[in-house]
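Here is what each chain is made of, one letter per residue.
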Amino acid sequence: MRELQQRIQRIEYDIQSTCDRIGRNRLEITVVAVTKEVSTARASAVMDSGIIHLGENRPEVLLDKQVIIQDEAIWHFIGNVQSRKVKEFINKIDYLHSVDRMSIVKEIHKRSNQTLDCFLQVNVSGEMSKSGVTPAELASFIKEVGAYDKVRIIGLMTMAPLSGDKDLIRTIFRSLRELRDEISALKLLHAPCTQLSMGMSNDFIIAIEEGATHLRIGTALVGAESEGEA
Ligand SMILES: *Cc1c(COP(=O)(O)O)cnc(C)c1O
């Protein structure tokens, strides 16, 4: 797994040097290794390399990996949430990055044994294909979440468009940060909203520059099994 260690070192170098260049503290940033495309063995190797935050986007796959890796890892669910599946995994994860509608908030409230730290997914770019609440409905949505105390909104999450347009990506990340600042200024107990989950393999440097606290990095960090690296 030398190739894996090299990838991890290279990403860590990029993160640290970006932080140094812009005067951010590296410790403000959590790297979530998105292991959805790789085997449990490789996810274990990621853990052994010192990254303990793992991200998955399908409940079954997360649960399968968990049986082997168990609770040494901190589990982030980053995928689309289906209502009928919430009960299967909601008590097995540490963070949910993809709360995108009120019916999911209600289902979590019903099924969760304790308060869950969640990110609210925001569709900043307004692409039809993307889920998430719109910036216009964000504040009222978050206030409504207050009625469901199993859901704590610790931050906002977004996905930038698949685009080579770095200015566009930056604009979207910056908008998410501004929205985060507006919500956190409300000082809501159920929604401290201090965190920003943004930045993937192709855009994590821009995300750091724009204030990301959680990077969700898949291929650049762990590779993809299809590349024959398992
Ligand atoms: C797959 C995925 C990622 C990681 O994507 P990479 O481009 O492989 O880094 C991040 N966030 C979400 C929501 C994803 O589904």
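Please read these numbers as outputs of a predicted model, since none were measured by experiment.

1. A few points about helix α5 (residues 102-111)
- All buried positions along α5 are accounted for by M102, I104, V105, E107 and I108.
- Buried residues in α5 make contact with α4 (86-89), β4 (95-99), β5 (116-121), α6 (138-145) and β6 (151-157).

2. Looking at the pairing of β4
- Judged by how many residues are buried, β4 sits mostly within the fold: 4 of 5 residues are covered.
- Sheet topology note: the strand β3 (residues 74-77)/β4 ladder contains 2 bridges and is parallel. Looking across to β4, one finds that F77 is bridged to L96.
- With 3 bridges connecting them, β4 and β5 associate as parallel partners. Each residue of the ladder has a partner; that of V99, found in β5, is L120.

3. Topic: the side chain of Q66
- Note on placement: Q66 falls in helix α3 (residues 59-69).
- Polar side-chain contacts of Q66 include one of 2.7 Å to the backbone oxygen of K92.
- Among all residues touching Q66, those that are not within four sequence positions of it are W75 and K92.

4. Side note on the site of the ligand
- Residues in close proximity to the ligand include V34, K36, I78, M159, M200, S201, R216, I217, G218 and T219, which together make up its full environment.
- Between an oxygen atom of the ligand and a side-chain N or O atom of K36, the distance comes to 2.7 Å.
- Between an oxygen atom of the ligand and a main-chain N or O atom of G218, the distance comes to 2.7 Å.
- Taking 390 Å² as the accessible area of the ligand by itself, protein coverage stands at 87%.
- Here the residues of the shell around the ligand are counted per class, giving 5 nonpolar, 3 polar and 2 charged.

5. Things to note about unusual backbone geometry
- Residues other than glycine seldom take positive phi values, yet K187 does so here, at roughly 55°.
- Relative to the elements of secondary structure, K187 occurs in the loop between α7 (166-184) and β7 (195-197).

6. Notes on the pattern of salt bridges
- Across all of its chains, the model carries 16 salt bridges by this definition.
- Among the ionic pairs, E12 bridges to R26, the shortest N-O distance being 2.8 Å. In this pair, E12 sits in helix α1 (residues 2-22) while R26 sits in the loop between α1 and β1 (30-34), placing the two residues 14 residues apart along the sequence.
- You can call E12 partly exposed: its relative accessible area is 32%.
- Of the charged contacts in the structure, one is a salt bridge between R177 and E210, with a shortest N-O distance of 3.8 Å. With a gap of 33 residues between them, R177 in helix α7 and E210 in the loop between α8 (204-209) and β8 (214-217) connect regions that are remote in the sequence.

7. A word on the packing of aromatic side chains
- One pass over the structure, following the stated rule, counts 1 aromatic pair.
- When the centroid spacing of 4.4 Å and the interplanar angle of 35° are considered together, the rings of F77 and F89 count as tilted. Here F77 is found in strand β3, whereas its partner F89 is found in helix α4, with 12 residues between them in sequence. With respect to class, F77 is no different from F89; both count as buried.

8. Focus: helix α2 (residues 40-48)
- Taken together, the buried positions of α2 are occupied by R42, A43, A45, V46 and M47.
- Directly beyond the C-terminal end of α2, a positive phi value near 105° is found at G50.

Conventions and cut-offs
Residues numbered from 1 in each chain as written. Predicted model: local features only at pLDDT ≥ 70, side-chain atom pairs only at ≥ 80, totals over all residues. Heavy atoms only, no water. Buried < 20%, exposed > 50% of the residue type's maximum accessible area, 1.4 Å probe, protein only. Helix = DSSP H or I, 4+ residues; strand = E, 2+ residues; numbered from the N terminus. Contact = heavy atoms within 4.5 Å. Pairing = 2+ DSSP bridges. Polar contact = N/O pair within 3.5 Å; in protein donor to acceptor, adjacent residues only side chain to side chain. Near = heavy atom within 4 Å. Areas by Shrake-Rupley, 256 points an atom, 1.4 Å probe, with all protein chains shown as cover. Nonpolar A, V, L, I, M, F, W, Y, C, P; charged D, E, K, R; others polar. Salt bridge = Lys/Arg side-chain N within 4 Å of Asp/Glu carboxyl O. Phe/Tyr/Trp six-rings, centres within 6.5 Å; stacked < 30°, edge-to-face > 60°.

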